[in-house]
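Listed below, chain by chain, are the residues.
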Amino acid sequence: MAKERITYVCNSCGYDSPKWIGRCPSCGEWNTFVEQKLGKKTASSQLPSFNAQHSSPLVLSKIETGEDPRINLHDNELNRVLGGGLVPGSLTLLGGEPGIGKSTLILQTVLRLKDMKVLYVSGEESARQLKMRADRLTSDLVPPEGGVGVQVVCEVMIERVFEHIKVVEPDLIVIDSIQTMATEDVESSPGSISQIRECAALLLKFAKESGTPVIIIGHINKEGSIAGPKILEHMVDTVLQFEGDQHYMYRIVRAIKNRFGSTAELGIYEMRQNGLREVTNPSELLLSDIKNSEELSGVAIASAIEGVRPLLIETQALVSTAAYGTPQRSATGFDLRRLNMLLAVLEKRVGFKLGQKDVYLNIAGGIRVTDPAIDLSVIAAVLSSNVDTGIDRDVCMAGEVGLSGEIRPVSRIMQRIAEAEKLGFSKILIPSANLSTLEHTHFKIEVKGVRRVEEALRELFG
Ligand code: TYD
Ligand code: MG
């Protein structure tokens, strides 16, 4: 009788070891190794081997490519983030926290693909639950004549999923979610590293051999990375991340890896009663209340770029005398270390004493911004709150702040100015160094270059 193989797998990164070890040499985590009994053959051992019979070297310059065929998903945001649509034979991973709207996004998308046969495999919800959700999402569920529309199957064993695939012969497969899938070849519970790895390997093999695109939904763990080994991210062609704050309606989908397009793109949705709605003009959404409200202290508008899109965002600050010995600093939607750095610049270079003050910073709308060009508005909002003087609501700004208080140039200044002009601002402060690139362009909006933080503050507060 063949002896059962036993291996030890790190639950954090998927590292394999023939014996148990206390600390994983790959990821450095302690106590993460679990015993794994392997069947005689594992799924990944069935993967095609790279032998010379199947492949032969080709001259790179002579390989014919032609236009990449793409499947139009009839969703502008998703199409753009994917780089122009879904690629046949691709494996796409959509990650996000539980409850953020992953199933909703994928279900509403596949319901629009009237001319495709879609197999939706759910290991999380019953067929009735899926039907109820679909009813919320669309009023015409019945496919056009001759079409089948979306077929759902509630199944967690990957082998049986493949049997269904053989019968249905779908044009697109959705796996909701990879954490619920299991293969008979591995004796561990669904959601464990080895199950995820084996199931994903089988799906990858299937997608590449059949040319059928597969979308995998995956949950994100507390640390914010996709639960399961990093291996999963390495295996798939595209990793999309669905993020947003549970308490806000906005949802952002961004590509963190894309073999068929750029990772700079970003899609924005709003969660409604009847599903996710594309947001085509995010700036208007984020600024809608402020334009009608009175001038408030501690509010500054930044012309930021997230992905490739300009976005006008509101930075809010509250500065108050520290009630306790140690002043509090907190930032929502902005890097706290960067806030501390900007406060140090204000203190050292501009001479404002903030050492005994609590400083709270918030990016309105629950979005996270990484664009350094919002530094200037952070500084402006902090000072505005500190001196309790509002900033003119017709003014916005863009600029990175350096350690010596200089305003450093930012990328894509034209787009930032154009967006501010489009939304009716009358003045924008930009880094002086960016002015040279604008010489021959005329804007209706007043463009003011600033060199240093003091100069910008004089512009804003007189
Ligand atoms: P869901 O897609 O189930 O999240 P995930 O698959 O990422 O776990 O979304 C669940 C949330 O979305 C739930 O709190 C209800 C909300 N929702 C709406 O607000 N409108 C809708 O039309 C739908 C279907 C869900
Ligand atoms: Mg779900």
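Up top is the structure.
Residues numbered from 1 in each chain as written. Chains lettered and ligands numbered in written order. Predicted model: local features only at pLDDT ≥ 70, side-chain atom pairs only at ≥ 80, totals over all residues. Heavy atoms only, no water.

(A) Here's a closer look at the sheet that holds strand S6 (residues 150-154). Pairing in this open sheet of 9 strands is mixed, and the strands run S6-S5-S7-S8-S4-S9-S10-S11-S12 from one edge to the other. The two strands at the open ends of the sheet, each matched to only one other strand, are S6 and strand S12 (275-278). The mean inter-strand angle of the sheet, taken between neighbouring strand axes irrespective of direction, is 25°. Pairing of strand S5 (residues 118-122) with strand S7 (residues 172-176), which is carried by 5 bridges, proceeds in the parallel orientation. Looking across to S7, one finds that Tyr120 is bridged to Val174. Relative to strand S8 (residues 214-219), helix H5 (residues 193-210) is tilted by about 160°, and along the sheet it contacts strand S4 (91-96), S7 and S8. (Pairing = 2+ DSSP bridges. Helix = DSSP H or I, 4+ residues; strand = E, 2+ residues; numbered from the N terminus. Axes fitted to C-alpha atoms, helices over the stretch in contact; angles between N-to-C directions. Contact = heavy atoms within 4.5 Å.)

(B) Looking closely at the nonpolar core. Formed by 42 residues in total, the largest nonpolar core has its most connected members in Ile313, Phe334, Leu346, Ile374 and Val382. Listing elements by their share of this core, those giving two or more residues are strand S11 (266-272), strand S13 (299-306), strand S14 (309-321), helix H8 (336-350), strand S16 (357-363), helix H9 (375-386), strand S17 (395-397) and helix H11 (453-461). Examining the composition of this core, we find that 7 residues originate from one element, H9, more than from any other. Here this core spans two domains, and each of domain 2 (71-280) and domain 3 (285-461) adds at least three residues to it. Apart from residues no more than four positions distant in its own chain, Val382 is found in contact with Ala317, Val319, Leu343, Leu346, Leu354 and Val359. Among the nonpolar cores identified, the runner-up in size contains 30 residues, and Leu73, Val118, Val253 and Ala255 belong to it. (Core = buried A, V, L, I, M, F, W, Y, C linked by side-chain atoms within 4.5 Å. Buried < 20%, exposed > 50% of the residue type's maximum accessible area, 1.4 Å probe, protein only. Domains from an automatic or database assignment.)

(C) Broad picture of the site of ligand 1. Of all residues adjacent to ligand 1, which total 15 residues, the nearest are Gly99, Ser103, Thr104, Arg272 and Gly275. Ser103 places a side-chain nitrogen or oxygen 2.6 Å from an oxygen atom of ligand 1. Taking Arg272, its main chain carries an N or O atom lying 2.7 Å from a nitrogen atom of ligand 1. Taking 560 Å² as the accessible area of ligand 1 by itself, protein coverage stands at 76%. Of all the elements in the fold, those that place two or more residues in the shell around ligand 1 are helix H2 (102-112), helix H3 (127-137) and S11. Here the element with the most residues in the shell around ligand 1 is H2; it accounts for 3 residues. For the shell around ligand 1, the class distribution of residues is 3 nonpolar, 7 polar and 5 charged. (Near = heavy atom within 4 Å. Polar contact = N/O pair within 3.5 Å; in protein donor to acceptor, adjacent residues only side chain to side chain. Areas by Shrake-Rupley, 256 points an atom, 1.4 Å probe, with all protein chains shown as cover. Nonpolar A, V, L, I, M, F, W, Y, C, P; charged D, E, K, R; others polar.)

(D) Just the pattern of salt bridges, in detail. Applying the stated criterion to the full structure yields 20 salt bridges. The closest approach of N and O atoms between Arg112 and Asp75, which form a salt bridge, is 3.7 Å. Of this pair, Arg112 sits in helix H2 while Asp75 sits in the loop between strand S3 (33-38) and helix H1 (76-82), placing them 37 residues apart in sequence. Between Arg80 and Glu77 there is a salt bridge, and its shortest N-O distance comes to 3.3 Å. Here Glu77 and Arg80 lie together in helix H1, a separation of 3 residues that amounts to about one turn. Each of Lys208, Asp237 and Arg259 takes part in salt bridges that share partners, so that together they form one network. (Salt bridge = Lys/Arg side-chain N within 4 Å of Asp/Glu carboxyl O.)

Note that all results are geometric; they support no functional claim without further evidence.
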